[in-house]
Amino acid sequence: MSQAIIDVRGVSKAFGGVIANHEVSLKVEPGKITGLIGPNGSGKTTLFNSIVGQYPIDGGSILFEGQEISRMNVQEIARLGMLRTFQQTRIFSKMNCIQNLLISVPHRKAAWRNMFGKHSPELIEKAERLLEFVGLYSKRKLVAGSLSFGQQKLLEFAMALMNEPKVLLLDEPTAGINPTLINGLIDRLKRANQEFGITLFVIEHNMRVIMNLADQIYCMSHGELLASGSPDEIRDDQRVIDAYLGAH
Amino acid sequence: MAGVIVPMWDNFQILVTAPVFNVQLILNGLSVGAVFALAAYGLALVWGVTSVKNLAQGDFVMMGGYLGYELSLHGVNPIVAIVPVGVLMFAYGWVIYALIIRRVIELDLFTSLLATFGLAITMQQVLNLVFGPDVRTLKSGFGRFELLDGMVDITQIRVVAFGLCIVLAVAMVLFLRNSRMGQAIRATAQDPRAARVLGVNTDLVYALTFSINSAICGVAGVIIAMIWVIQPFYGIAYSVRAFVVVTAAGLGNFPAVILTSLGLGVIEQYSGFILGAQFQQATVVGLLLVILMWRQTLLRRHRLALQ
Amino acid sequence: MTRPSLALHLVLLVAGIVAPFLFPAHSVQFAVFWIFVLFAMTWDTMGGQMGYNSLGNIVFFGLGMYICAVVQIGLFYNVGDYTAASGEIKIDFTDQQYYGGLALGVFLAAIGPVILAVILSKVLFGLRGPYFAIGTLGVAIAAAELTAAWGWVGGGGGISMPVFPGGPGMRERFFYVACMVTTILCYLFLRWLYSTRFSLAINAIRDDEDKAEALGLHTARYKMVAWSVSAFFMGIAGALFGNMTGFIEPLETAYPTLTFGIFMVAMTLLGGKGTLWGPIIGATVFYTLRELTWTYLLGWQYIALGVLIIVNVVYFQQGILGWVQARKPEWFGIRVETQPARAVKVDGKP
């Protein structure tokens, strides 16, 4: 077994008296697609926010490629190559799609003088190619805020790819998307994983999607890790079924 | 620099060797702070309910003061004048709400700040045109108390003013807590959309909140005119103070707003005495910056920004 | 640059050069116009392009003005004695001394505000939205009060600036040209700046700073540079303005929060924020309105100003350019590209 790219060890996080995560430990294997499921309020998004540096954690440790990141802030972690998309899609609404992609280039090695550089034709070409990839090429000159919710989601996905992350954390990528488009999205996620070599870590509510997509699935309930395994193992796990049906 | 430091040190020495001066400063500070409390309370109310940050707060105070002044010229006792001024300012607040505030509630926050800033400029200039730039004061006809063998004296009107502020604040708290409208206001503050779905007329709530604030400010203005002075351009100073208080105490924490206001009143008296009157305003602003930075460092530990 | 755009630039440039010769009596007012344009453009870098609405940019203007004054006097005389005499002392500067002092003063008046901007950016950029606006407003008010209480620089009594050595009418013309050149340089600089990736970065900060951080953008760096650019040009403008008026004092000339400080916001909003030309158009319209009200509504001019701000932000949010853009989006390159997308071809890493 290769070294995990994200290694979460005993992470706890409470908001006031509410325990959102209690001693959660999980591993994301490089090059794979890992899923995170669980009923509403089970602490999935909190765990995501802790990993990417949105919240400080109360205890435990988070390693990214063997490096401790639990005390870093969002920007530093993003520059290491770990990126997230938001549940409520977030794009730069007054800029057009091309500009949205151009500003999403990796800022890993950005030096001071790079602030005043121009965008190379290759970069613009790459941005256009990625917009084609998500099917937004014809809308590339439109202001991003004028796109539909589903299109904004695709745009955010393209922005994430533009950033060439090592790991991409997706928070409910299919929520709010027209069911007929979901298959296309699954296909694109798989291609992002296989062709671009991006490790994916996905929160998802849609069981059909996650079973189809993931190589390995973790299930959370009440802030604790409940089960883990391959999609088939998870499907048949009585604890997971109970958690979703509300039995305790 | 020595020329500045030495008198400050001397002033400080006076406070140590003659402790009664402290009593005087604290009493003055509390009575002024009580007026700040009214303005800050109104600001926090409007801020919390409508999310509009009213930079014209201090100018509402000044306008109330001038209305009281105008009434007193017609022989109305200033204490009695509080009632008609409150009513007039309530109506004025309603008009301003309908013309301006209503249209900026849904827009971004800076818009409301700027719109009320424009309102502040307009109001102070109108007051200046009508009443002139001189400082004015209201003769309330009260005498003074002498305490501690005449070492400390305090005008009776300050005590009355303090009492009035307390009464008003308590009345507001009771209104918000117990009345049907008060409940609607609190519901709207928490979630305007949910309140609307549940049948609360949020537009009416906004209008009422803003008008109540305007009336409170008006009353505060009359009180300020009685215990101190009013001038068309003093408004901005009260606005800044109200912001300092609300930023420090936080929205929705009304006891903290009152206590912070009283504290600010006392601090200002001390800084005016020790550093000199010209630093009084700078102290308030400096305090604002310190508070903002302090809250910011607290938040940074939570990886958040103050917004 | 396209031909009509080049022609427009040339016409404006010629108009700018000819104006003081046609109306020599109005040179100072025309110079103020250029300074207004500079105010609006530099404010827009922060407020329009980056979404950080500062109500305290005027602090750089005042700081530049005072730095320049202190340098000009301090090179040849004891500043404390000079200000204590409150205008009684007249120093006879030689041409060389005057221009040398002015050059050094303007240089330091540009550097000083940049240093202040860097310091303030560490302190104030943790604040967002209205907190930032109020915090910067506080800085501007405090700066005015502290300067007024500082006897060494003349306190509230102000400083009489060194007398310009040239003949009658030369002072006005000299500073007119200086203001115009500074504003044009500022325009060219911003024009270049907005063509680089810098503009995308600060636009991204405006639209969603958290998202920009989540992408790993060096937001603190960009914000600091944006404010420093504003501070740099504001400082120079302050130095020139102080010398042009001949007498400076803290409340009305150097840190006029309620006049210049708010004008720059009003002008930008009027023209349409977040564009290169919006602030320029806004400044032009505002300046014209101001001249008219100052002439025909004397006594009422500030009321007219307040009402203008209210009407502007309440009823005409988008500004002149924004209004045009909403009607003719294709003029601004906002359109659906109807040409069919090329076949999706992604091989290997994009």
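Only a predicted model underlies this, so the values are computations on that prediction, with no experimental measurement involved.

Each helix and strand in chain A was counted, giving 9 helices and 10 strands. Scaling as 2.2 N^0.38, a compact globule of 248 residues should have a C-alpha radius of gyration of about 18 Å, and chain A matches this with 18 Å. Dimensions of chain A, computed from C-alpha atoms along their principal axes, come out at roughly 55 × 40 × 40 Å. Restricting the contact set of chain A to residue pairs at least 6 apart, pairs at least 24 apart contribute 68%. For chain A, the accessible surface area stands at approximately 10,200 Å², while carbon and sulfur atoms represent 50% of it. When the 27 positive and 25 negative side-chain charges of chain A are each reduced to one mean point, those points stand 9 Å apart.

This next bit is on the interface of chain A and chain C. Contacts between the two partners involve 48 residues from chain A, matched on the other side by 42 residues from chain C. Between chain A and chain C we count 3 salt bridges in total. Taking the shortest distance from any N to any O, the salt bridge between C:D210 and A:R90 comes out at 3.3 Å. Between chain A and chain C we count 14 residue pairs in polar contact (both at pLDDT 80 or more) in total. Broken down by secondary-structure element, the contributors of at least two residues to the side of chain A that touches chain C are helix 2 (74-80), strand 6 (82-84), helix 3 (97-102), helix 4 (121-134), helix 5 (149-162) and helix 6 (179-195) of chain A. Broken down by element, the side of chain A that touches chain C gets its largest block of residues, 7 residues, from helix 4 of chain A. Class assignment of the residues belonging to the side of chain A that touches chain C gives a composition of 22 nonpolar, 10 polar and 16 charged.

Attention shifts here to the pattern of salt bridges. Overall, the coordinates contain 16 salt bridges over all chains when judged by the stated rule. In this structure, the salt-bridge partner of A:K166 is A:E65, at a minimum N-O distance of 3.2 Å. In this pair, A:K166 is assigned in the loop between helix 5 and strand 7 (167-171) and A:E65 in the loop between strand 4 (59-64) and strand 5 (67-68), connecting sequence segments 101 residues apart. Exposure remark for A:E65: the relative accessible area of 40% places this residue in the partly exposed category. The salt bridge involving C:E291 is made with C:R290; its shortest N-O contact spans 3.5 Å.

Residues and elements named next belong to chain A. In terms of burial, strand 9 (residues 216-221) is largely enclosed, as 5 of its 6 residues are buried. As paired elements, strand 9 and strand 10 (residues 224-229) share 5 bridges and run antiparallel to each other. Looking at strand 10, one finds that M220 is bridged to L225. Taking the residues that link successive antiparallel strands as the turn, the strand 9-strand 10 hairpin has 2 residues, and the phi of H222 there is positive, at about 50°.

So, on to unusual backbone geometry. The residue A:E172 is not glycine, and still its phi comes out positive at about 50°. Among the structural elements, A:E172 can be located in the loop between strand 7 and helix 6. Phi angles above zero are rare outside glycine, and B:S51 is one such case at about 65°. With respect to the helices and strands, the residue B:S51 is situated in the loop between helix 2 (20-50) and helix 3 (57-73).

How each quantity is defined
Residues numbered from 1 in each chain as written. Chains lettered and ligands numbered in written order. Predicted model: local features only at pLDDT ≥ 70, side-chain atom pairs only at ≥ 80, totals over all residues. Heavy atoms only, no water. Helix = DSSP H or I, 4+ residues; strand = E, 2+ residues; numbered from the N terminus. Rg over C-alpha atoms; globule rule 2.2 N^0.38 Å. Contact = heavy atoms within 4.5 Å. Areas by Shrake-Rupley, 256 points an atom, 1.4 Å probe, with all protein chains shown as cover. Lys, Arg positive; Asp, Glu negative; His and termini not counted. Charge placed at Lys NZ, Arg CZ, Asp CG, Glu CD. Salt bridge = Lys/Arg side-chain N within 4 Å of Asp/Glu carboxyl O. Polar contact = N/O pair within 3.5 Å; in protein donor to acceptor, adjacent residues only side chain to side chain. Nonpolar A, V, L, I, M, F, W, Y, C, P; charged D, E, K, R; others polar. Buried < 20%, exposed > 50% of the residue type's maximum accessible area, 1.4 Å probe, protein only. Pairing = 2+ DSSP bridges.

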